[in-house]
Amino acid sequence: MKRIALYCQLLIFPLALCLPFVFAQHGKTDPRMQKQSFGKLPDGTQADLYILRNKNGMEVDITNYGADVVSIKVPDRHGKIEDVALGYDNLEGYIHDKAYFGATVGRYANRIAHGSFKLHGRVYTLPKNNGDNTLHGGTSGFNKRLWKAEDVSTPEAAAVQMSYLSKNGDQGFPGNLSVNVRFTLADDNSLKIEYAATTDKDTVVNLTNHSYFNLAGQGKGDILGQELQLHASRFTPVNANLIPTGQISPVKGTPLDFTRSTAIGARINADFEQLKLGHGYDHNFVIDGNPMRKMALAARAYDPGSGRVLEIWTTQPGIQFYSGNFLDGTVAGKGGVKYGRRSAFALETQHFPDSPNQPNFPTTELKAGRWFRSTTVYKFSTQ
Ligand code: GLA
C-alpha cells in the first residue's frame with residue numbers, strides 16, 4: 001500500500017509541476033495576438049497580418065500594408081460571428097485597391113480643392129487624383145505604404161502600433177511627418193485607434209480610418225435597411241466636386257437629419273440637392289458638443305436583422321458619412337464577393353474636408369515640433 005502511495009506521489013508531483021507549462025503551451029496556441037505573413041510586395045518585401053483577439057471571440061485583422069484594417073469579426077445577437085468589414089483576402093487586393101477598404105488615410109483624409117493649398121503665404125501643389133481635387137492624401141497616400149509594426153499588447157488587450165515617416169515633400173506636403181497609429185482590441189468589443197503625428201516644418205494633417213461596414217456581414221447585400229444615428233445637428237454642404245461650400249448648415253428638416261436613428265435607405269433617393277450632388281450620402285457632419293476635442297459619441301449604427309450595434313466615439317470634430325455610392329460591383333472582395341452599390345457604409349472621423357482652404361473651419365495646421373493626437377473607438381454590441 002505504502003509503495004503505491006509512493007508511486008502516486010512520484011507521478012503526481014511532476015505532473016503538478018508541469019501544469020503551468022501545459023497551460024502556457026495552451027495559451028500559445030490561442031494567443032491574443034498572432035502575426036503571420038500577408039504576402040510580398042512587388043519588390044519582394046514582406047507584409048504581415050496582425051490578428052488581434054479578445055475573450056469574446058472578437059477578432060480584428062490588421063496589415064502593416066497601408067495600416068489597413070482587413071477584417072472585423074463580431075458576434076450577432078445569437079453569438080454568431082461574422083466579418084462586418086469590406087476588404088480583400090490577400091495583399092494583392094490591397095495593392096490594387098481604389099476604394100480605401102479599411103485604410104489608414106493620410107496625410108490629408110478627404111478632399112483638398114484644386115490640388116493645392118496655401119500655408120504661411122506659400123502655395124503647395126498636390127497630385128490631383130479625384131477630378132480637380134486631391135483625395136485621401138494623393139495618388140500614393142498612406143494606404144499605399146508599408147508601415148513598421150510593433151506588437152504593443154498588454155495583459156489586458158491585444159494591440160499593434162504602426163509607424164511611418166512621410167518625408168518632406170511627400171505628395172507635395174511640407175515637413176517630415178512622423179506618424180504612429182495604434183490599434184487596441186479590448187474585451188468590451190471595442191477597437192480603439194489612436195493617432196499621433198509630429199512634423200519638423202509647419203504642415204497640414206488629417207488622419208482617418210476608412211473601414212466600410214456592413215453590420216449584417218460583408219457581402220450580405222446592401223445597408224439601406226441598417227439604421228444610423230448621428231450626433232450632429234449640422235453638416236458642411238458641398239458643391240458638385242464634393243468640396244465644401246464653406247457654409248455650416250443645420251440638418252433639421254432635411255434628409256441629412258440623422259439625429260434620430262433612421263434607416264440609411266429611408267430618404268437616400270429624396271429629391272434634395274445635396275443628395276444628388278453626393279450621389280447619396282457623402283457628407284461631413286459636424287459632431288455636436290465636440291469643439292473641445294473631448295471623446296464624444298458621434299454615431300450609432302444598428303442592423304435590425306443581426307442585432308449588431310456599432311458606436312463610434314471620437315475626439316475629432318467631424319465625421320464623413322459615405323453610403324458606398326461609388327461601389328459598383330466590379331471589384332471582387334473577400335471570397336470573390338462583388339461589392340455592389342451601397343453594400344457598406346463608411347463613417348470617417350476627421351477634420352472637415354478642404355480645411356486648408358477654408359478659413360471658417362477648425363484648423364488642420366500642425367506646427368513644427370508639436371504633436372497632433374486623436375482617438376476613435378469603434379464599439380460593437382448587440383440589441
Ligand atoms: C470618401 C469620399 C468618397 C469616396 C470614398 C472612397 O468617403 O468622401 O467620395 O471617394 O472616400 O471611394
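Before any of the text, the structure's been laid out above.
Residues numbered from 1 in each chain as written. Predicted model: local features only at pLDDT ≥ 70, side-chain atom pairs only at ≥ 80, totals over all residues. Heavy atoms only, no water.

## Notes on the nonpolar core
Part 1: Within the largest apolar cluster, 58 residues are counted, with the highest numbers of intra-cluster contacts made by Ile72, Phe183, Leu230, Phe321, Phe345 and Phe380.
Part 2: For this core, the element with the most residues is strand S13 (residues 177-185), which contributes 5 residues.
Part 3: Among residues more than four places away in sequence, those in contact with Phe345 are Ser211, Tyr212, Phe213, Leu215, Ile223, Gln226, Ile264, Ala301, Leu310, Phe321 and Tyr322.
Part 4: Formed by 20 residues, the second largest nonpolar core is a distinct cluster that contains Tyr65, Tyr94, Tyr212 and Tyr322. (Core = buried A, V, L, I, M, F, W, Y, C linked by side-chain atoms within 4.5 Å. Buried < 20%, exposed > 50% of the residue type's maximum accessible area, 1.4 Å probe, protein only. Helix = DSSP H or I, 4+ residues; strand = E, 2+ residues; numbered from the N terminus. Contact = heavy atoms within 4.5 Å.)

## Details of the site of the ligand
Part 1: Ala99, Tyr100, Arg111, Leu135, His136, His210, Tyr212, Asp282, Gln320, Tyr322, Phe326 and Glu348 make up every residue found near the ligand.
Part 2: Glu348 places a side-chain nitrogen or oxygen 2.7 Å from an oxygen atom of the ligand.
Part 3: About the coverage of the ligand: the protein hides 94% of its 300 Å² of free accessible area.
Part 4: Among the residues forming the shell around the ligand, the class breakdown is 6 nonpolar, 3 polar and 3 charged. (Near = heavy atom within 4 Å. Polar contact = N/O pair within 3.5 Å; in protein donor to acceptor, adjacent residues only side chain to side chain. Areas by Shrake-Rupley, 256 points an atom, 1.4 Å probe, with all protein chains shown as cover. Nonpolar A, V, L, I, M, F, W, Y, C, P; charged D, E, K, R; others polar.)

## Details of the sheet that holds strand S11 (residues 148-151)
Part 1: In space, the 9 strands of this open sheet follow the order S11-S12-S13-S14-S28-S24-S23-S18-S21, with antiparallel pairing throughout. At either margin of the open sheet sits one strand with a lone partner, and together these are S11 and strand S21 (262-263).
Part 2: For strand S18 (residues 227-230) and strand S23 (residues 296-302), the ladder comprises 4 bridges, and the chain directions are antiparallel. Note that in S23 the partner of Leu230 across the bridge is Ala299. (Pairing = 2+ DSSP bridges.)

## As for the pairing of strand S12 (residues 158-166)
Part 1: Counting buried positions over the 9 residues of S12 gives 8, a clear majority of the element.
Part 2: Examined bridge by bridge, S12 and S13 share 9 bridges and lie antiparallel to one another. Residue pairing for S13: Ser163 is matched across the bridge by Asn180.

## Description of the pairing of S18
Part 1: Looking at chain direction, S18 and S21 are connected through 2 bridges and run antiparallel. By the bridge assignment, Glu227 is partnered in S21 with Ala263.

## So, the packing of aromatic side chains
Aromatic ring pairs are described here by two measures, namely the spacing of the ring centres and the angle between the planes.
Part 1: What the rule picks out here adds up to 20 aromatic pairs.
Part 2: Their ring planes at 75° and their centres at 6.0 Å tell us that Tyr212 and Tyr322 sit as a pair that is edge-to-face. Of this pair, Tyr212 sits in strand S17 (residues 212-213) while Tyr322 sits in strand S25 (residues 318-322), and the two are 110 residues apart along the sequence. Like Tyr322, Tyr212 is buried.
Part 3: Every member of this aromatic cluster is reached through a ring pair, and the members are Phe38, Tyr88, Tyr94, Phe101, Tyr212, Tyr322, Phe326 and Tyr339.
Part 4: The ring centre of Phe258 lies 4.7 Å from the NZ or CZ of Arg267, which sits over that ring. (Phe/Tyr/Trp six-rings, centres within 6.5 Å; stacked < 30°, edge-to-face > 60°. Lys NZ or Arg CZ within 6 Å of the ring centre and 35° of its normal.)

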